[in-house]
Amino acid sequence: MTEKNTSADTLIRLSAAQLAEKLRAGDVTAVEATQAHLDRISAVDGKVNAFLHVNAEEALAVAAEVDAIRAAGGAEAEALHYLAGVPIAVKDLIVTIGQPTTAGSKILEGWHSPYDATVVERLRAAKMPILGKTNLDEFAMGSSTEHSAYGPTRNPWDLDRIPGGSGGGSAAAVAAFEAPLALGTDTGGSIRQPGAVTGTVGVKPTYGSVSRYGAIAMASSLDQIGPVTRTVLDSALLHQVIGGHDPRDSTSLPEPLADLVAAAKTGNVEGLRIGIIKELHGEGYQAGVENRFNDALELLKEAGAEIVEVSCPNFQYALGAYYLIMPSEASSNLAKFDGVRYGLRVLPEEGPMTIERVMGATRAAGFGDEVKRRIILGTYALSAGYYDAYYGSAQKVRTLVQRDFEAAFAQADVLISPTAPTTAFPLGEKLDDPLAMYLNDVATIPANLAGVPGLSLPGGLADEDGLPVGIQLLAPAREDARLYRVGAVLESLLEAKWGGPLLAQAPDLADAATLETQEAK
Ligand code: GLN
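### Quick word on the overall build of the protein chain
- When helices and strands are counted, the protein chain shows 19 helices and 11 strands.
- Whereas a compact globule of 521 residues would reach a radius of gyration of roughly 24 Å, the protein chain reaches 22 Å, a difference of no more than 12%.
- A buried classification covers 59% of the 521 residues belonging to the protein chain.
- Within the protein chain, contacts between residues at least 6 apart in sequence are counted, and of these 76% link residues at least 24 apart.
- Here the protein chain has roughly 19,000 Å² of accessible surface; of this, 54% comes from carbon and sulfur atoms.
- Measuring between centres, the 42 positive side-chain charges of the protein chain sit 3 Å from its 65 negative side-chain charges.

And the structure:
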């Protein structure tokens, strides 16, 4: 077999960096690479349900454009972005021209944005074919993608289990080799927790380092767009594409971050102080999660890092504060879905046709239970007489969490914890128990409250159930580069320990591929 005949099966398993190298070397065309992923989507997405919309025609047109530029050579070919022609999936909370954006909600069914999010503009500028829009919990509220109005996404490791949430679609698409890269959004863990339970890498960048312009707002002071990938280097590459100042986002940082890709290639943790957060492991964490966490610590120690223990006593209140701040902001942000300006409009069945009643009928029919629960919670927390007791107290806790981080970062360069307390749980298990669902984010939420960056990478499989475990790294604000530096080292140590990338072992994927081959015959 010559290099030119790289099979579709091989193509979809390459990392984005490997694929970019093959494209540049002319071993494969962008159209071939894009088509291989579209074929994979057709073959497995009936089972996984990672995509709400597939954008085949446009993706192939962008790929063809890249191929034509490369074939012509010269300055334009030279100027192509490193990731040009590498396809990507986009969480359906991020607006795109030419494709629907639903936010996983009935209230936006069929809605098309008249503009692109800044991150999408940047993907287009890099000429990365956009494969489609991925499934999510409605308006990014949830930890399992079961709150999508369009049916749950399934975990490629075990189709009866959740892929995490809210960005289960992006994580599952990457884990199922339907896309090498995806974008997610993380308000309380929606990039990192899906990454943990699907064996993928997910990064919540420093607040303000990636533009939120065009990400449908859930809780504006917590939301952040970030990369979903299969390797740490790929996350750094994608982060670099989407990051940087944007005058259209008033919270956008003016200065660019340090070189993230260079950091991912540094390959050294010697002398680095890594802090175990006492409050974020142990009791309440699954034994297999704890074991993989300890393995990671051992490997980092062997590689020359200094492991210290830090205490963040106020983290125990972070979840409570989050579930006041987030619904408060969401109740305000979601007020714009009024049946007048966007998407769905439902008229009251009887009685007078006032604007309030149209709004009421539209919101009653258009929003799901979890969204309504949070709007009610947020409206209550913000109401006169309760504002100080609830919202005000939550904001004070937020300050205490920030101070805990400051104290911890005085003792350690990066912090480490399991990303989620358990591996992927069965679909339906926590659907009727909102508090049990909320507890999934106990380890991820502090970073959002403080605005600091976090990276989750696969730490191996849990002993009890053979499912992926995520390891979370946290760094001070603007020090995202440290996450890539430590993450890449830990990833290579873990791969050496497992004897290869974790995802190669995902059982249901192999079944899906076999099934497709059998059906094709
Ligand atoms: N699972 C968390 C929640 O339900 C986080 C959501 C998110 O990060 N978008 O709010």
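### With respect to the sheet that holds strand β4 (residues 181-185)
- Ordered in space as β1-β3-β2-β4-β6-β5-β10-β11-β9-β7-β8, the 11 strands form an open sheet in which the pairing is mixed. If you trace the sheet from one side to the other, it starts and ends with β1 (51-54) and β8 (306-310), each paired once. Averaged over all adjacent pairs, the angle separating strand axes in this sheet is 25°, with direction ignored.

### Examining helix α4 (residues 56-72)
- Taking 1.5 Å per residue, 17 residues should reach 24 Å; α4 reaches 24 Å between its end C-alpha atoms and fits that length.
- Turning to α4, its buried residues number three or more, namely A59, V62, A63, V66, D67 and I69. For α4, the arc enclosing every buried residue in end-on projection is 165°, short of the 170-degree limit, so these residues lie on one face. Away from the buried face of α4 by more than 90 degrees, exposed residues E57, A71 and A72 are located.
- Where α4 is buried, its residues contact α3 (30-48), α5 (74-78) and β3 (130-134).
- Once α4 finishes, G73 follows within two positions and takes phi at roughly 70°, a positive value.

### Considerations on the site of the ligand
- For the ligand, the set of nearby residues contains 15 residues, the closest of which are G188, S190, Y322, R374 and D441.
- Here A140 contributes a backbone N or O atom positioned 2.9 Å from a nitrogen atom of the ligand.
- One nitrogen or oxygen atom from the side chain of D441 is found 2.6 Å from a nitrogen atom belonging to the ligand.
- Considering the ligand on its own, with 290 Å² of exposed area, one finds that the protein chains cover 100% of that surface.
- Placement of the ligand is best described as lying within the largest cavity.
- For the shell around the ligand, the residue count by class is five nonpolar, seven polar and three charged.

### Focus on the packing of helix α11 (residues 287-302) against helix α18 (residues 480-498)
- Axis separation between α11 and α18 bottoms out at 10 Å; the angle between their running directions is 105°. As the angle between them shows, α11 and α18 are arranged roughly perpendicular. Residues D295, A296, L299 and L300 of α11 touch α18, and the partners they reach there are V486, L490, L493, L494 and K497.
- Residue classes in the contact of α11 with α18 are distributed as seven nonpolar, no polar and two charged.

### Some points on empty space enclosed by the protein
- Taken as a whole and assessed by the stated rule, the structure comprises four cavities of 30 Å³ or more.
- Here the largest cavity is characterised by a volume of approximately 70 Å³.
- In terms of lining, the largest cavity is formed by 13 residues, of which the most central are A140, G142, S190, Y322 and D441.
- Its residues placed into classes, the lining of the largest cavity shows five nonpolar, six polar and two charged.

### As for the nonpolar core
- In this structure, L123, F139 and L183 are the most contacted members of the largest nonpolar core, which totals 135 residues.
- With 16 residues, the next largest nonpolar core counts L38, A89, I191 and V228 among its residues.

Definitions and limits used
Residues numbered from 1 in each chain as written. Predicted model: local features only at pLDDT ≥ 70, side-chain atom pairs only at ≥ 80, totals over all residues. Heavy atoms only, no water. Helix = DSSP H or I, 4+ residues; strand = E, 2+ residues; numbered from the N terminus. Rg over C-alpha atoms; globule rule 2.2 N^0.38 Å. Buried < 20%, exposed > 50% of the residue type's maximum accessible area, 1.4 Å probe, protein only. Contact = heavy atoms within 4.5 Å. Areas by Shrake-Rupley, 256 points an atom, 1.4 Å probe, with all protein chains shown as cover. Lys, Arg positive; Asp, Glu negative; His and termini not counted. Charge placed at Lys NZ, Arg CZ, Asp CG, Glu CD. Pairing = 2+ DSSP bridges. Axes fitted to C-alpha atoms, helices over the stretch in contact; angles between N-to-C directions. Expected span 1.5 Å × (residues − 1). Arc of directions from axis to C-beta. Near = heavy atom within 4 Å. Polar contact = N/O pair within 3.5 Å; in protein donor to acceptor, adjacent residues only side chain to side chain. 1 Å grid on protein atoms, 1.4 Å probe; cavity = no way out; pocket = protein on both sides within 12 Å on 5 of 7 lines; lining within 4 Å. Sits in = over half its atoms within 2 Å of the grid points. Nonpolar A, V, L, I, M, F, W, Y, C, P; charged D, E, K, R; others polar. Parallel < 35°, antiparallel > 145°, perpendicular 65-115°, else oblique. Points joined across faces, edges and corners; volume = space filled by probe spheres on them. Core = buried A, V, L, I, M, F, W, Y, C linked by side-chain atoms within 4.5 Å.

Treat this as a map of the structure, not an account of what it does.
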